[in-house]
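Each chain, letter by letter, is given below.
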Amino acid sequence: SMASPALLMRVVASAYSVAEKAATIVRNVMAAGDLEIVEKTGANDLQTKADRLVQMSICASLARKFPKVTIIGEEELPTEEVTEELIEDGHCEEILKKTCPAQYAGIKEEELVIWVDPLDGTKEYTEGLLDHVTVLIGIAYGGKAIAGVINQPYYNYKAGADAVLGRTIWGVLGIGAFGFQLTEAPAGKHIIVTTRSHSSTLVNDCISALNPDSVIRVGGAGNKIIQLIEGKASAYVFASPGCKKWDTCAPEAILHAVGGKITDIHGNSFQYNKEVKHMNSAGVLATLRNYDYYASHIPNTVKQSLVP
């Protein structure tokens with residue numbers, strides 16, 4: 001008989017189905033028309049009914065199957081009973097068929113930390129920029145992001161009534177990443193993707209120093225990593241605090257699975273163990289290729305302003 005799949009592959013396979021359920025919730029809340037928007041720390045830091053329901057759905061669904069895994073979500077929520085219709089019990093068979101990399105085969109539940117951003121790009125969601133929105137489930141082991149799921153609930157939403165809406169991208173270090181077409185940005189072009197709603201003099205000075213051919217301003221960390229892996233941008237640069245571990249964990253795993261690199265502005269890698277502080281206070285620098293060019297052009301003034 002077949003050995004049962006390794007824990008990591010079961011977690012990723014479940015996270016895939018849980019993310020698809022999350023996308024349905026995101027679309028249903030929007031379709032129902034009342035987002036129930038609350039400001040957390042200000043007008044650029046919002047929470048909607050979708051953020052709340054999706055986090056409850058993801059965390060409760062994964063906790064029920066993997067009770068010893070640590071799950072850390074973005075939203076501070078009251079511990080209320082999660083209704084059964086929010087629970088997703090399924091998994092993606094395709095993922096279970098892949099062989100778990102040997103270095104992860106013996107992982108136990110209590111060694112995993114799952115970082116959840118139920119709705120990355122909330123501000124854009126409230127403004128109708130629906131292609132910016134992602135659901136992020138990142139899986140960490142030994143403080144490193146090793147697997148991730150990114151769902152885009154509104155992928156293809158401008159493609160007409162017959163288009164299939166939404167997609168799920170997933171990846172595991174040592175296996176690769178799936179659900180999209182890996183594409184490199186045009187050679188010799190410096191196309192930078194950065195924040196849309198959290199700009200500052202520092203953010204803009206840093207970008208200018210990189211001599212960009214063009215700058216794309218979009219919401220969501222998940223969305224920005226997708227720009228890199230689909231060849232729409234050559235670097236993701238954010239010279240500011242504000243990004244958190246749940247923003248970067250899933251995207252990092254997917255980017256690293258295809259040979260890209262993400263660090264803070266100083267070149268330090270991110271840590272994802274459960275005790276770590278949630279803020280990536282020294283910004284973000286990510287590329288699919290040519291990381292060293294961008295890292296070497298970050299001005300010292302920028303580095304001195306951002307303390308890890």
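Keep in mind that this is a model prediction, so the values were computed, not measured.

1. Comments concerning the UniProt feature "binding site: Mg(2+)" (unreviewed entry) in the protein
Under the UniProt annotation, the feature "binding site: Mg(2+)" (unreviewed entry) is placed at Glu-74, Asp-117, Leu-119, Asp-120 and Asp-247. The largest pairwise C-alpha distance within this set of annotated residues, which runs over 174 residues, is 9.7 Å, so the set is compact in three dimensions. Within the secondary structure, Leu-119 is located in strand E4 (residues 112–120). Judged by its relative accessible area of 1%, Leu-119 falls in the buried class. When sequence neighbours within four positions are dropped, the list of residues in contact with Leu-119 reads Val-26, Thr-48, Ala-50, Asp-51, Tyr-125, Val-133 and Thr-134. Relative to the elements of secondary structure, Asp-247 occurs in helix H7 (residues 245–257). Here Asp-247 falls in the buried class, since its relative accessible area comes to 10%. Ignoring sequence-local partners within four residues, the contact set of Asp-247 consists of Asp-117, Asp-120, Leu-136, Ala-221 and Gly-242. Of note is the side chain of Asp-247, whose polar atom sits 2.7 Å from the backbone nitrogen of Lys-244.

2. A look at the pattern of salt bridges
One pass over the structure, following the stated rule, counts 14 salt bridges. Lys-158 serves as the salt-bridge partner of Asp-131, at 4.0 Å between the closest nitrogen and oxygen. Of this pair, Asp-131 sits in the loop between helix H4 (122–127) and strand E5 (134–141) while Lys-158 sits in the loop between strand E6 (144–152) and strand E7 (167–172), and the two are 27 residues apart along the sequence. On the basis of relative accessibility, which here comes to 67%, the residue Lys-158 falls in the exposed class. The partner of Arg-289 in a salt bridge is Glu-184, and the shortest N-O contact between them spans 2.9 Å. Here Arg-289 is found in the loop between strand E13 (284–287) and helix H8 (291–296), whereas its partner Glu-184 is found in the loop between strand E8 (176–178) and strand E9 (191–194), with 105 residues between them in sequence. What makes Arg-289 partly exposed here is its relative accessible area of 30%. Taken together, the shared-partner salt bridges connect Lys-40, Asp-45, Glu-74 and Glu-75 into one network.

Rules and cut-offs
- Residues numbered from 1 in each chain as written.
- Predicted model: local features only at pLDDT ≥ 70, side-chain atom pairs only at ≥ 80, totals over all residues.
- Heavy atoms only, no water.
- UniProt positions renumbered as here; feature names shortened; annotations may be inferred.
- Helix = DSSP H or I, 4+ residues; strand = E, 2+ residues; numbered from the N terminus.
- Buried < 20%, exposed > 50% of the residue type's maximum accessible area, 1.4 Å probe, protein only.
- Contact = heavy atoms within 4.5 Å.
- Polar contact = N/O pair within 3.5 Å; in protein donor to acceptor, adjacent residues only side chain to side chain.
- Salt bridge = Lys/Arg side-chain N within 4 Å of Asp/Glu carboxyl O.

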